[in-house]
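# Results of the structural survey
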Amino acid sequence: MSRDSSRPRMPSPGRLGLLDTRAGDWLDYLGWTGEDAIPLLWALSRAPDPDLALGALVRLRESLAAESHGKSSSARAGIDTGVAALDSALRSDLPLRGRLLGLLGSSSALGDHLVAEPTRWASLRSELPAREDVLADMLGAVGAVPEAPVEGAPPPSQAEDLRSAGTYRAAVTGGAAVNVLRSTYRDHVALLAAHDVASTVEDQPVLPFAEVGRRLADLADAALTAALAVAVTTVYPDSPLPARLAVVAMGKGGARELNYISDVDVIFVSEPADAKTGRVAGEMMRIGSMAFFEVDAALRPEGKSGELVRTLESHEAYYKRWAKTWEFQALLKARPMTGDLALAADYHDAVHPLVWTAAEREDFVHDVQAMRRRVEENVPEVLRERELKLGRGGLRDVEFAVQLLQMVHGRTDEELRVTSTVEALGALRAGGYIAREDGANLVAAYEFLRLLEHRLQLQRIVVLVAVFLHLGRVSQCVGLPRLARHQLGDAVAKGVTHVHHPAHVADGGLGRHGAEGGDLAHCVLAVFVLHIVDHPVAVALAEVDVEVGHGHPFGVQEPLEQQVVLQRVEVGDLQRVGHQRTGARTPARADRAA
C-alpha cells in the first residue's frame with residue numbers, strides 16, 4: 001500500500017487546528033464524522049480560530065434545539081431555520097458556510113449575539129443592504145415617523161419611507177428603545193462582519209477595507225438618526241421639536257472610515273441653541289452610547305467645557321477668532337450626518353473654507369508637529385516604536401502627514417479637499433505632491449494596518465506575556481499563512497527567520513491558504529515587511545487584551561490598553577515582540593482630530 005493511500009481520509013482534530021480537548025465530542029454532536037463532512041471539516045480549519053468557531057456552532061445548535069418546541073418569527077413566516085436547516089445549509093451553501101464559520105471564529109461577542117436568538121443565522125444568507133435600507137431598518141425598529149418641520153425652515157430631509165437621514169419622532173422610548181436599537185444594530189454589524197471575513201474560509205469575494213469603513217459609517221449614521229428620534233420624543237413627548245438641530249460627523253465617522261469598535265465623534269449645531277435643545281442632543285448621545293458605541297462631542301468649540309449646542313453664528317465666530325490649528329485639522333473630516341441636514345450643510349459651507357486658511361498661520365507647521373508629539377507622549381515610551389495606532393510609523397503618522405499636506409496644498413488645489421485618508425493619498429499622488437512609489441507604499445501600509453485594526457476589534461482576547469504570539473486568529477483572518485510551532489521555535493532560537501512578504505496585500509488582494517499539520521494553530525508569528533516612505537516596518541500580529549466595560553454594546557471598549565505591536569526590524573530579522581498592558585492616559589482631545 002502506498003504512503004498516500006495509507007493516510008486516513010478523515011482529518012484528525014489536530015490536523016484541523018483544533019486544540020480544545022472537547023473538539024472530538026463536539027464534532028460527534030454535530031454529526032461531522034463521515035466522509036461527507038470532510039469539506040465542512042476543512043472549512044472549519046480555515047476559520048480564524050477553529051476552536052472558537054466550533055464551540056460557538058455547538059452552542060448555536062443547542063440553542064436551536066431548545067427552541068424546537070416553539071415557533072420563531074422566521075418559522076412562522078415559513079422559513080425553516082432549525083437544526084436540520086442549519087446543517088443542510090452548511091453542507092450546501094458555500095457563501096453561508098464562509099460567513100457563519102468566519103464570523104463565529106472571529107468574534108465571541110457576535111457569536112453570543114447569534115446564539116441568543118439562534119434563528120438569526122439565516123440572516124447571514126442576505127446580501128449587504130443599501131444605506132437607505134439600513135436607515136429604514138433602524139428607524140423602523142423604534143416605530144419612527146417624520147418630525148414636523150420647524151416653521152420657516154428649508155424643506156426637511158426626513159421622509160415617510162424612512163429611507164433618508166433627518167429628524168424623526170420615535171414611538172418607542174426608554175429601556176425598550178435601547179434594547180431594540182442595540183439588537184438591530186448588532187444584526188447589521190454581524191452581517192457586515194460575516195461578509196468581511198467569509199473569504200478567509202471559502203472562495204468568496206474579498207470585501208475591501210475601504211468599503212467596510214464606509215458601511216460602518218453609514219450604519220453609524222442610521223443608528224444615530226434613530227437615537228435622535230428617541231431623544232426627540234423623550235424631551236418633547238407632547239409637542240413638536242421647536243428648534244432646528246443638526247448633527248455633524250467628525251473624525252473617522254466624518255471621513256466614512258470607521259472601525260468595528262470606534263467612538264463616533266459629533267458636533268451639534270442648533271437654531272436656536274437653548275437648554276432644552278441641548279437636552280435633546282445630550283439624550284441622543286446617551287442613547288447612542290448605551291445602544292451602539294461611545295458618542296463623543298469633545299471636538300466642539302472649547303471642548304468638554306464648551307456648550308454642547310451652538311448656533312451657526314457662534315461656531316463661525318469661534319473658528320474665526322479663537323480656534324487652534326488642530327481644530328482646523330479636525331474640520332477636514334466634518335460631514336453632515338443627520339438631524340437638520342440643511343443646517344448641517346450650512347455649517348459645512350461656513351467653516352470648511354476656513355480650513356484652507358490655517359496653513360497661513362505663522363506657526364502652522366510647528367503647531368502640527370507639536371500636536372503629533374503630544375499624541376505620541378500619551379503612549380508609554382516602551383511602546384512608542386511598536387503601538388499600531390499612535391506609535392511611530394503607525395496609523396497616526398500616516399494620517400498626520402496626509403492632513404498636513406492637504407492643508408498646505410489644498411489652499412490652491414481643490415482636488416485635495418477630500419475627507420478619506422486613502423482618497424487624499426490618491427489625490428496627493430495624482431497632483432505630484434508625493435512620489436508615486438511613496439504614495440503607493442503609504443496606501444498599502446495604511447490599508448493593511450487598518451485591516452489589522454478591524455480584525456482585532458472583532459475579538460475579545462486574553463493577555464499573552466510570552467514571546468510566542470499564541471493562536472493565529474488575526475493572521476488567519478487577514479488571509480496570511482501560519483507558521484508551525486517548530487518553525488517558530490527554530491526562528492526564535494536563531495534570532496533570524498525568513499519573513500513572508502505579502503505582495504498580494506500591496507496589490508490589494510488577500511492570499512488563500514489552508515491550515516494543515518497538527519500544531520499549526522498552536523503558535524503563530526506573521527511578520528510583514530511594508531515600507532512607510534523609506535522606513536521598513538515589520539508588523540507582528542499579536543492577540544491583545546481588550547478591556548471589558550459597559551460603554552460598548554458588545555461589552556468591549558477601545559482604550560489604549562489595546563496594544564497591537566509594531567516593531568522596526570531589518571528585513572529578515574526576527575525581534576522579540578511582546579505585548580504589554582499599560583495604564584496609558586486617555587488620548588488628548590487633539591488626537592481625536594486625526
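Just so it is clear, the structure is predicted and the values come from calculations on it, not from any experiment.

Another point: the overall build of the protein chain. Looking only at helices and strands, one finds 23 helices and 12 strands in the protein chain. Counting only residues that meet the buried cut, the protein chain has 57% of its 594 residues in that class. Of all intrachain contacts in the protein chain linking residues separated by at least 6 positions in sequence, the fraction that spans at least 24 positions is 76%. When the accessible surface of the protein chain is split by element, carbon and sulfur atoms take 50% of a total near 23,600 Å².

Let us look at the confidence of the model for the protein chain. The predicted model of the protein chain has a mean per-residue pLDDT of 77, with 72% of residues at 70 or higher. Overall, residues 72-78 carries pLDDT values under 50, and its contacts beyond four positions in sequence, including any with other chains, amount to seven contacts. Long-range and interchain partners of residues 480-588, a stretch whose pLDDT sits below 50, account for 279 contacts in this model, where long-range means more than four residues apart.

Where helix 11 (residues 209-235) contacts helix 20 (residues 436-457), the two axes come as close as 10 Å, and the packing angle between them is 55°. Comparing the axis directions of helix 11 and helix 20 gives the class oblique. The handedness of the crossing between helix 11 and helix 20 comes out as left-handed. Between helix 11 and helix 20, the contacting residues are Phe209, Val212 and Gly213 on the first element and Tyr446, Glu447, Arg450 and His454 on the second. Here the residues of the contact of helix 11 with helix 20 sort into three nonpolar, two polar and two charged.

Before going further, it helps to examine the packing of aromatic side chains. Per the stated rule, a full pass over the model turns up five aromatic pairs. Pairing Phe292 with Phe293 gives two aromatic rings, centres 5.6 Å apart and planes at 45°, and the pair type is tilted. A single burial state applies to Phe292 and to Phe293, both of which are buried. Both rings, one in Tyr319 and one in Phe328, keep their centres 6.2 Å apart while their planes meet at 55°; by these two values the pair is tilted. Accessibility classification places Tyr319 together with Phe328 in one group, the buried group. Three or more aromatic residues link up through ring pairs in this structure, and these residues are Tyr185, Phe292 and Phe293. A cation over an aromatic ring shows up here: Arg61 above the ring of Tyr29, its NZ or CZ 5.2 Å from the ring centre.

Position of Ile287 relative to the elements: it lies in helix 13 (residues 275-291). Note: C-alpha distance between Ile287 and Val230 (57 residues apart in sequence) is 8.0 Å.

What follows concerns helix 9 (residues 131-141). Of all the positions in helix 9, only Val134, Leu135, Met138 and Leu139 are classed as buried. Buried residues in helix 9, looked at end-on, bunch into an arc of 120°, giving them a common side. Directly beyond the C-terminal end of helix 9, a positive phi value near 60° is found at Gly143.

The next subject is the packing of helix 6 (residues 83-92) against helix 7 (residues 94-104). Where helix 6 contacts helix 7, the axes come no closer than 6 Å and their chain directions differ by 105°. Judged on the interaxial angle alone, helix 7 and helix 6 are roughly perpendicular. Seen from helix 6, the contacting residues are Leu86, Ala89, Leu90, Arg91 and Ser92; seen from helix 7, they are Leu94, Leu96, Arg97 and Leu100. In the contact of helix 6 with helix 7, the residues fall into six nonpolar, one polar and two charged.

The next thing to look at is the environment of Ala222. For Ala222, the location among the structural elements is in helix 11. Put simply, Ala222 and Met337 are 115 residues apart on the chain and 9.0 Å apart in space, counted from C-alpha to C-alpha. In contact with Ala222, other than residues within four places in its own chain, are Val134, Leu135 and Met138.

All right, on to the side chain of Asp218 then. Among the secondary structure elements, Asp218 is positioned in helix 11. By relative accessible area, which is 12% here, Asp218 ends up buried. Asp218 has contacts with Arg131 and Arg256, leaving out every residue within four places of it along the chain.

With that settled, consider the side chain of His352. Here His352 is to be found in helix 16 (residues 341-355). Take His352: its relative accessible area is 13%, and that puts it in the buried class.

The rules behind each value
Residues numbered from 1 in each chain as written. Predicted model: local features only at pLDDT ≥ 70, side-chain atom pairs only at ≥ 80, totals over all residues. Heavy atoms only, no water. Helix = DSSP H or I, 4+ residues; strand = E, 2+ residues; numbered from the N terminus. Buried < 20%, exposed > 50% of the residue type's maximum accessible area, 1.4 Å probe, protein only. Contact = heavy atoms within 4.5 Å. Areas by Shrake-Rupley, 256 points an atom, 1.4 Å probe, with all protein chains shown as cover. pLDDT = per-residue confidence, 0-100. Axes fitted to C-alpha atoms, helices over the stretch in contact; angles between N-to-C directions. Parallel < 35°, antiparallel > 145°, perpendicular 65-115°, else oblique. Left-handed = near helix turned anticlockwise from the far one by under 90°. Nonpolar A, V, L, I, M, F, W, Y, C, P; charged D, E, K, R; others polar. Phe/Tyr/Trp six-rings, centres within 6.5 Å; stacked < 30°, edge-to-face > 60°. Lys NZ or Arg CZ within 6 Å of the ring centre and 35° of its normal. Arc of directions from axis to C-beta.

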